[in-house]
Amino acid sequence: MKRKLLQIGAVALILLSFTVFDFSDTVEPDDSAENTLSVPTAAPEPVAATPNLDAPELILVNRWNAIPDDYTVHEIAAGNNQTVDKLCYDALMNMLGDCQAEGLEPLVCSGYRDLALQTQLYENKIARLVSTGFSRGDAESRAGTEVAYPGTSEHHTGLAVDLVDMNYQGLDEAQEQTAVQQWLMKNSWKYGFILRYPNGKSDITGIIYEPWHYRYVGLDAAGAIYEQGICLEEYLAQYK
Ligand SMILES: [Zn+2]
């Protein structure tokens, strides 16, 4: 009886050792597999699609980038004796229509300008400055930050519009407080327009703060520019 028990015990011991061996043998690879899977993996960063910088709505015109000589504008009447390029016409009309639906009164006070008109505006500005005591040289450099030098105005593209409130048409910083500007600043990006010369960006845009000058850049660019609080120059620089 005692021997029988010993035999059973020995068999049990052998089985147990096999079991232990098998157990450890199968567990080890599982462990490593589990370790591999449990390594925290970073969520992939959303990659912004690179915009087509050659798209017509992304043309950059500023004091350092004159409008190309062969640039053509497809003019279409936008009211108040102003025209814009047909590329932004529908978006502009939708924006103004929705603004009016809110009971507001936006007015297109300036759209496309040819070289002759810009020259006239620029010379008028210099004359006014000279009449208030500026030298011709000082008047020219100051005028350039308020009225773009002919050939460097965004109004040559037909994609820029000066929009004011019918109830306050002054082109000065007080325009910012009008109901129309408050609405446009909040909503224009939804139509592909940006406030082109924002406050605090004059060093980059070359133009003073103009809470009335809007520029069509398309929906994607307008959304990104609005969201990031940047200007067009900064937006384009991200992809150069
Ligand atoms: Zn303007």
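Everything that follows concerns the structure shown earlier in this document.
What you see is a predicted model, and the numbers here were worked out from it, not measured in a lab.

Thresholds applied
- Residues numbered from 1 in each chain as written.
- Predicted model: local features only at pLDDT ≥ 70, side-chain atom pairs only at ≥ 80, totals over all residues.
- Heavy atoms only, no water.
- Core = buried A, V, L, I, M, F, W, Y, C linked by side-chain atoms within 4.5 Å.
- Buried < 20%, exposed > 50% of the residue type's maximum accessible area, 1.4 Å probe, protein only.
- Helix = DSSP H or I, 4+ residues; strand = E, 2+ residues; numbered from the N terminus.
- Contact = heavy atoms within 4.5 Å.
- Donors = N, O, S within 2.8 Å, 3.2 Å for Na, K, Ca; no water.
- Salt bridge = Lys/Arg side-chain N within 4 Å of Asp/Glu carboxyl O.
- Phe/Tyr/Trp six-rings, centres within 6.5 Å; stacked < 30°, edge-to-face > 60°.
- Pairing = 2+ DSSP bridges.
- Axes fitted to C-alpha atoms, helices over the stretch in contact; angles between N-to-C directions.
- 1 Å grid on protein atoms, 1.4 Å probe; cavity = no way out; pocket = protein on both sides within 12 Å on 5 of 7 lines; lining within 4 Å.
- Points joined across faces, edges and corners; volume = space filled by probe spheres on them.
- Nonpolar A, V, L, I, M, F, W, Y, C, P; charged D, E, K, R; others polar.

> Break down the nonpolar core for me, with residues and values.
Counting residues in each nonpolar core, the largest one holds 25 residues, and the members touching the most others are Leu 92, Met 95, Val 161, Leu 163 and Phe 193. Of all the elements in the fold, those that place two or more residues in this core are helix 2 (86–101), strand 4 (160–165), helix 5 (179–187), strand 5 (193–195) and strand 6 (213–216). Ranked by the residues each element gives to this core, the list is headed by helix 2, at six residues. Apart from residues lying up to four places away in sequence, Leu 92 is in contact with Ala 78, Val 84, Val 161 and Phe 193. In this structure, Val 217, Ile 225, Leu 232 and Leu 236 belong to the second largest nonpolar core, which totals twelve residues.

> Pulling in residues and values, what's your account of the coordination of the zinc ion?
Taken together, His 155 (NE2), Asp 162 (OD) and His 213 (ND1) make up the protein donors of the zinc ion, found 2.0 to 2.1 Å from the metal. Positions of the donor residues of the zinc ion along the chain correspond to the pattern H-x6-D-x50-H. Placement of His 155 in the loop between helix 4 (136–146) and strand 4 and of His 213 in strand 6 is noted, with a sequence separation of 58 residues between them. Judged by relative accessible area, His 155 falls into the buried class, the value being 3%. Judged by its relative accessible area of 2%, His 213 falls in the buried class.

> I'd like to hear about the pattern of salt bridges, residue by residue, with values.
Across all of its chains, the model carries nine salt bridges by this definition. Among the ionic pairs, Asp 162 bridges to Arg 113, the shortest N-O distance being 3.3 Å. Residue Asp 162 is located in strand 4, and its partner Arg 113 is located in the loop between strand 3 (106–110) and helix 3 (115–131); the two are separated by 49 residues in the primary sequence. The same class applies to Asp 162 and to Arg 113, which are both buried.

> Could you give me a rundown of the packing of aromatic side chains, with the residues and numbers involved?
Going through the model one piece at a time under the given rule, you end up with five aromatic pairs. Taken together, a centroid distance of 6.1 Å and an interplanar angle of 40 degrees make the contact between Trp 183 and Tyr 191 tilted. Exposure class is identical for Trp 183 and Tyr 191. Each is buried. Ring centres 5.5 Å apart and planes at 70 degrees place the aromatic pair Tyr 235 and Tyr 239 in the edge-to-face group.

> Any details on the sheet that holds strand 3? Residues and values, ideally.
The strands making up a sheet associate through hydrogen bonds between their backbones, and the pairing can be parallel or antiparallel. With respect to topology, four strands assemble into an open sheet ordered 3-4-6-5, the strand pairing being antiparallel. Across the chains shown, the open sheet's two edge strands, defined by having one partner strand only, are strand 3 and strand 5. Strand-to-strand twist of the sheet, defined as the mean angle between neighbouring strand axes without regard to direction, takes the value 40 degrees. Across three bridges, the pairing between strand 5 and strand 6 is antiparallel. Within the sheet, the bridge partner assigned to Ile 194 lies in strand 6 and is Arg 215.

> Explain the layout of surface pockets to me, and be specific about the residues and the numbers.
Taken as a whole, the largest pocket holds about 430 Å³ of empty space. Around the largest pocket sit 22 residues that line it, and Arg 113, Glu 146, Val 147, Leu 171 and Glu 210 are the ones nearest its centre. Put simply, the parts of the chain that give the lining of the largest pocket at least two residues each are strand 3 and helix 3. Looking at the lining of the largest pocket, the element that brings in the most residues is helix 3, giving five residues. Residues that form the lining of the largest pocket fall into these classes: nine nonpolar, six polar and seven charged. Its volume calculated, the second largest pocket comes out at about 210 Å³. If you go around the second largest pocket, you meet 15 residues; those closest to its centre are Met 185, Leu 195, Pro 198, Ile 225 and Tyr 226. Broken down by secondary-structure element, the contributors of at least two residues to the lining of the second largest pocket are helix 5, strand 5 and helix 7 (219–228). With three residues, the single largest contributor to the lining of the second largest pocket is strand 5. Its residues assigned to classes, the lining of the second largest pocket comprises eleven nonpolar, three polar and one charged.

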